[in-house]
Amino acid sequence: MLNDIKKDAQNRMAKSVESFRHDLTKVRTGRASTALVDHLKVNYHGSEMPLNQVASVQVSDARTLTITPWEKQIVGAVEKAILASDLGLTPNTAGTVIRINLPALTEERRKELTKVVHSESENAKVAVRNIRRDANHQAKELLKDKKVTEDELRRFEDEIQKVTDSAIKDVDGVVKAKEQELMAV
């Protein structure tokens with residue numbers, strides 16, 4: 001029973017770290033990345049569609065994204081989605097091809113983005129700690145129902161703490177890598 005709780009906690013912590021890693025792809029570095037526009041929704045025939053389902057998105061060089069809508073009539077909708085997004089980027093359209101030039105980041109902007117990364121990492125760590133709390137709570141319920149001994153509970157809590165420490169170390173590793181990516185000129 002305790003092993004099941006531990007495996008569940010490990011899986012949930014790994015998913016939290018992976019989710020955090022995915023969320024950081026939206027934080028813009030100096031380089032172009034298709035992940036930058038993955039979250040954009042385009043109004044397509046009255047419904048909101050993810051950008052990658054109505055257009056191809058490619059990195060044409062280190063600072064330029066190229067978006068090619070599959071239908072000519074949705075070029076305007078894609079432009080609107082980019083302008084309305086929180087990216088602060090301006091699309092340049094030539095026929096059916098939309099180019100997004102990513103300006104070089106200033107030192108000040110890099111530091112702001114680093115702060116954003118750190119606050120996101122705190123949220124990820126809180127999520128991991130909440131999973132630890134839930135696992136410990138489930139184990140204490142088993143103790144209360146006399147399905148495990150106190151020694152087994154203590155051993156389990158130590159193991160869960162090690163798993164938690166490992167997940168938090170993973171979050172810190174992701175933060176360090178993103179910081180280096182942000183501060184690279």
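All values derive from a computational prediction rather than experimental measurement. (Residues numbered from 1 in each chain as written. Predicted model: local features only at pLDDT ≥ 70, side-chain atom pairs only at ≥ 80, totals over all residues. Heavy atoms only, no water.)

1. Some words on the pairing of strand E2 (residues 47-50)
1) Next: Both strand E1 (residues 41-44) and E2 contribute to a ladder of 4 bridges, which runs antiparallel. Following the sheet pairing, Lys 41 is matched in E2 by Pro 50.
2) Next: Remark: 2 residues form the turn of the hairpin made by E1 and E2, two consecutive strands paired antiparallel; His 45 in that turn has positive phi of roughly 50°. (Pairing = 2+ DSSP bridges. Helix = DSSP H or I, 4+ residues; strand = E, 2+ residues; numbered from the N terminus.)

2. Quick look at the pattern of salt bridges
1) Next: Under the criterion given, the structure shown has 11 salt bridges.
2) Next: Here Lys 6 and Glu 159 are joined by a salt bridge, their closest N and O atoms 3.4 Å apart. Of this pair, Lys 6 sits in helix H1 (residues 2-24) while Glu 159 sits in helix H4 (residues 150-183), and the two are 153 residues apart along the sequence.
3) Next: Since its relative accessible area comes to 29%, Glu 159 is described here as partly exposed.
4) Next: Taking the shortest distance from any N to any O, the salt bridge between Lys 178 and Glu 181 comes out at 3.7 Å. With Lys 178 and Glu 181 both in helix H4, this residue pair falls 3 residues apart, about one helical turn.
5) Next: You can call Lys 178 buried: its relative accessible area is 9%.
6) Next: Judged by its relative accessible area of 28%, Glu 181 is partly exposed.
7) Next: Here the residues in one salt-bridge network are Asp 8, Arg 12, Arg 133 and Asp 134, joined through shared partners. (Salt bridge = Lys/Arg side-chain N within 4 Å of Asp/Glu carboxyl O. Buried < 20%, exposed > 50% of the residue type's maximum accessible area, 1.4 Å probe, protein only.)

3. Details of helix H2 (residues 75-84)
1) Next: Among the residues of H2, those classed as buried are Val 75, Val 78, Ala 81 and Ile 82. When H2 is viewed along its axis, its buried side chains cluster within an angular range of 125° and face the same direction. H2 presents Lys 80, Leu 83 and Ala 84 as exposed residues on the side facing more than 90 degrees away from its buried surface.
2) Next: Against the buried residues of H2 lie E1, strand E4 (64-69), strand E5 (91-94) and strand E6 (97-101). (Arc of directions from axis to C-beta. Contact = heavy atoms within 4.5 Å.)

4. A short note on the UniProt feature "coiled-coil region" (unreviewed entry) in the protein chain
1) Next: According to UniProt, the positions carrying the feature "coiled-coil region" (unreviewed entry) are residues 132-166.
2) Next: What you have in residues 132-166 is 86% helix and 0% strand, and the ends, taken at the C-alpha atoms, are 12 Å apart. (UniProt positions renumbered as here; feature names shortened; annotations may be inferred.)

5. As for the packing of H1 against H4
1) Next: It is the contact of H1 with H4, at a shortest axis distance of 10 Å, that shows an interaxial angle of 10°. Relative to H4, the element H1 lies roughly parallel. Taking contact as the criterion, the partners of Leu 2, Ile 5, Lys 6, Ala 9, Gln 10, Met 13, Val 17, Phe 20, Arg 21 and Leu 24 in H1 are, on H4, Glu 152, Phe 156, Glu 159, Ile 160, Val 163, Thr 164, Ala 167, Asp 170, Val 171, Val 174, Val 175 and Lys 178. (Axes fitted to C-alpha atoms, helices over the stretch in contact; angles between N-to-C directions. Parallel < 35°, antiparallel > 145°, perpendicular 65-115°, else oblique.)

6. Things to note about the sheet that holds E4
1) Next: Overall, antiparallel pairing links the 4 strands, which are arranged E3-E4-E6-E5 in an open sheet. Of all the strands in the sheet, just strand E3 (55-61) and E5 have a single pairing partner and so form its edges. Sheet twist, expressed as the average angle between the axes of neighbouring strands with direction ignored, equals 25°.
2) Next: Summarising the sheet, E4 and E6 pair through 4 bridges and their orientation is antiparallel. Each bridged residue has a counterpart across the sheet, and for Ile 67 the counterpart in E6 is Ile 98.

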